[in-house]
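Residue-level listing of the chains:
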Amino acid sequence: MKDYALIAYAYDKSVRIYVATTTNLVEEARQIHNTWPTATAAFGRFLTASAMMGLMYKKGERITLKIKSDGPISSMLVEANPEGEVRGEINNPEVYLKYENGPKKGKLNVGDAVGSGFLYVTKDLNMKEYFTSSSALQTGEIGDDFTYYFALSEQSPSSVGLGVLVNVDMSVLASGGYILQLMPNVSEDIISHLESVIAKLPPISTLINDGKTPEEILALLSDQTHQILDKKDLSYTCRCSKEGFARSLSALDEETMHDLIHEDEGAEIICHFCHKKYHFTKPELEIINKSRKKRG
Ligand SMILES: [Zn+2]
């Protein structure tokens, strides 16, 4: 099944619901970044929330989300856009932490792997300036942290559910999430009804692993009151290019450029997001250097 998200209204248009399956894109991210299980779960949840959030923007706009924290993962960055494309990077992908005790014993301990810190959201709305807002992480479990972010920074009361199941061979078995956004016209009755729906709902990764589609999960969340507005494919997509990196090279200072040309006699650049390698030969660097000088 392809990854996709549904955007819908429910409960008489008083709640907006996003539901996403992201098993393939999180598996792709795992393979690119060689994440270990707890890092896979944390990064996967972050990618999933970001992918759904990206759909809240208009064509041509994009968002960059960053988590900076004191846990072993230490930082993660994701870019998302309304086309359903995400790409990201993770500072320490080699994290495999489990709960040692308590009811979650044996499960992946995402909260401790992320730790305390902040979630930053930078919006590129095609204006001269970028807009950044941030909020403190609540549990490091990502879902709670987004719920808090939406309430605090966007004044949009929401409930965010995210989940990633990792297989014994470390591959991604199931991944997905939902965001419920309460519209200003929502009634107290519907809010308390939603609370009981969410409390009864099995983890979203379990639902996806059981073969439930986003349509079926949406029906559970909306109590069949939904009206689908849009369906969007989701993917891990990196649009890096040799031309893009040539532009970055042309921004280097004279000395660094001189060393690349005369000492290294070439340059190899690896994209942080997709790990694709780009090689620039000495003559190519000389051309980049000349165009840089012409521009002054
Ligand atoms: Zn790339």
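About the criteria used
Residues numbered from 1 in each chain as written. Predicted model: local features only at pLDDT ≥ 70, side-chain atom pairs only at ≥ 80, totals over all residues. Heavy atoms only, no water. Helix = DSSP H or I, 4+ residues; strand = E, 2+ residues; numbered from the N terminus. Rg over C-alpha atoms; globule rule 2.2 N^0.38 Å. Buried < 20%, exposed > 50% of the residue type's maximum accessible area, 1.4 Å probe, protein only. Contact = heavy atoms within 4.5 Å. Areas by Shrake-Rupley, 256 points an atom, 1.4 Å probe, with all protein chains shown as cover. Lys, Arg positive; Asp, Glu negative; His and termini not counted. Charge placed at Lys NZ, Arg CZ, Asp CG, Glu CD. Pairing = 2+ DSSP bridges. Axes fitted to C-alpha atoms, helices over the stretch in contact; angles between N-to-C directions. Donors = N, O, S within 2.8 Å, 3.2 Å for Na, K, Ca; no water. Tetrahedral: all angles 85-135°; square planar, octahedral: opposite > 155°, others 65-115°. Domains from an automatic or database assignment. Buried area = accessible area lost by both parts, 1.4 Å probe. Salt bridge = Lys/Arg side-chain N within 4 Å of Asp/Glu carboxyl O. Core = buried A, V, L, I, M, F, W, Y, C linked by side-chain atoms within 4.5 Å. Phe/Tyr/Trp six-rings, centres within 6.5 Å; stacked < 30°, edge-to-face > 60°.

**Here we look at the overall build of the chain**
Next, step 1: The secondary structure content of the chain amounts to ten helices and 13 strands.
Next, step 2: Computed over the C-alpha atoms, the radius of gyration of the chain is 21 Å, within 12% of the 19 Å expected from 2.2 N^0.38 for a compact globule of 296 residues.
Next, step 3: Along the first, second and third principal axes, the C-alpha atoms of the chain reach 70 × 45 × 35 Å.
Next, step 4: Across the 296 residues of the chain, 50% fall into the buried class.
Next, step 5: Counting contacts in the chain only where the partners sit at least 6 residues apart, residues at least 24 apart contribute 63% of the total.
Next, step 6: Accessible area of the chain: about 14800 Å², with a carbon and sulfur share of 49%.
Next, step 7: For the chain, the separation between the mean place of its 32 positive charges and that of its 40 negative charges on side chains is 4 Å.

**Quick look at the sheet that holds strand 8 (residues 158–166)**
Next, step 1: With antiparallel pairing, the five strands of this open sheet are ordered in space as 8-9-2-1-10. Each edge of the open sheet is held by one strand with a lone partner, namely strand 8 and strand 10 (227–233). Neighbouring strand axes in the sheet, compared pairwise and without regard to direction, differ in orientation by 10° on average.
Next, step 2: Pairing of strand 8 with strand 9 (residues 172–182) involves nine bridges; the strand directions are antiparallel. Each residue of the ladder has a partner; that of Leu162, found in strand 9, is Gly177.
Next, step 3: Of the strands in this sheet, strand 2 (15–21), strand 8 and strand 9 are in contact with helix 2 (residues 37–54), which crosses strand 8 at around 140°.

**Let's talk about the coordination of the zinc ion**
Next, step 1: Surrounding the zinc ion are the protein donor atoms Cys238 (SG), Cys240 (SG), Cys271 (SG) and Cys274 (SG), at 2.2 to 2.3 Å.
Next, step 2: Bound by four donor atoms, the zinc ion shows angles of 103 to 116° at the metal and therefore tetrahedral coordination geometry.
Next, step 3: Going along the chain, you hit the donors of the zinc ion in the pattern C-x1-C-x30-C-x2-C.

**Here's the deal with the environment of Gly115**
Next, step 1: Its place among the elements puts Gly115 in the loop between helix 3 (110–114) and strand 6 (117–124).
Next, step 2: Spatially, the C-alpha atoms of Gly115 and Arg16 are 30 Å apart, while their sequence positions differ by 99 residues.
Next, step 3: The contact partners of Gly115, leaving out residues within four places of it in the chain, are Ser69, Asp70, Gly71, Leu137 and Gly140.

**Re the domain arrangement of the chain**
Next, step 1: By the assigned domains, the chain splits into domain 1 (4–236) and domain 2 (242–295).
Next, step 2: With eight residues of domain 1 at the interface, the matching set in domain 2 holds four residues.
Next, step 3: Considering only the side of domain 1, the residues that lose the most area to domain 2 are Ile32, Arg87 and Glu89, jointly responsible for 67% of the buried surface there.
Next, step 4: Where domain 1 meets domain 2, there are zero salt bridges.

**Observations concerning the nonpolar core**
Next, step 1: Met76, Phe146 and Phe280 are the most contacted members of the largest nonpolar core, which has 64 residues in total.
Next, step 2: Dropping the residues within four chain positions of it, Met76 is found in contact with Ala42, Phe43, Phe46, Leu65, Lys66, Ile67, Glu89, Ile90, Val114 and Ile142.

**What to know about helix 1 (residues 23–33)**
Next, step 1: Most of helix 1 is tucked away, with eight of its eleven residues classed as buried.
Next, step 2: Listed as buried for helix 1 are Thr23, Leu25, Val26, Glu27, Ala29, Arg30, Ile32 and His33.
Next, step 3: Asn34, located one to two residues past helix 1, shows a positive phi value of around 50°.

**Here's the deal with the pairing of strand 9**
Next, step 1: Taken across its eleven residues, strand 9 has ten buried, putting it largely inside the fold.
Next, step 2: In the sheet, strand 2 pairs with strand 9 via seven bridges, with the strands oriented antiparallel. Counterpart to Ala20 in the pairing with strand 9 is Gly177.
Next, step 3: Taken together, strand 8 and the strand that follows it, strand 9, pair antiparallel across an intervening segment of five residues, in which Met170 is found at a positive phi of about 80°.

**Notes on the packing of aromatic side chains**
Next, step 1: One pass over the full model with this rule turns up five aromatic pairs.
Next, step 2: Arranged with centres 6.1 Å apart and planes meeting at 50°, the rings of Phe46 and Phe146 form a pair that is tilted. Linking Phe46 in helix 2 with Phe146 in helix 4 (residues 143–153), this pair joins segments that are 100 residues apart in sequence.
Next, step 3: Residue classification places Phe46 among the buried positions, given a relative accessible area of 0%.
Next, step 4: For Phe146, a relative accessible area of 1% puts it in the buried group.
Next, step 5: With a centroid separation of 5.9 Å and 65° between ring planes, the pair formed by Tyr149 and Phe150 is classed as edge-to-face. As far as the burial class goes, Tyr149 and Phe150 line up, both buried.
Next, step 6: Put simply, the rings of Phe46, Phe146, Tyr149 and Phe150 pair up and form one aromatic cluster.

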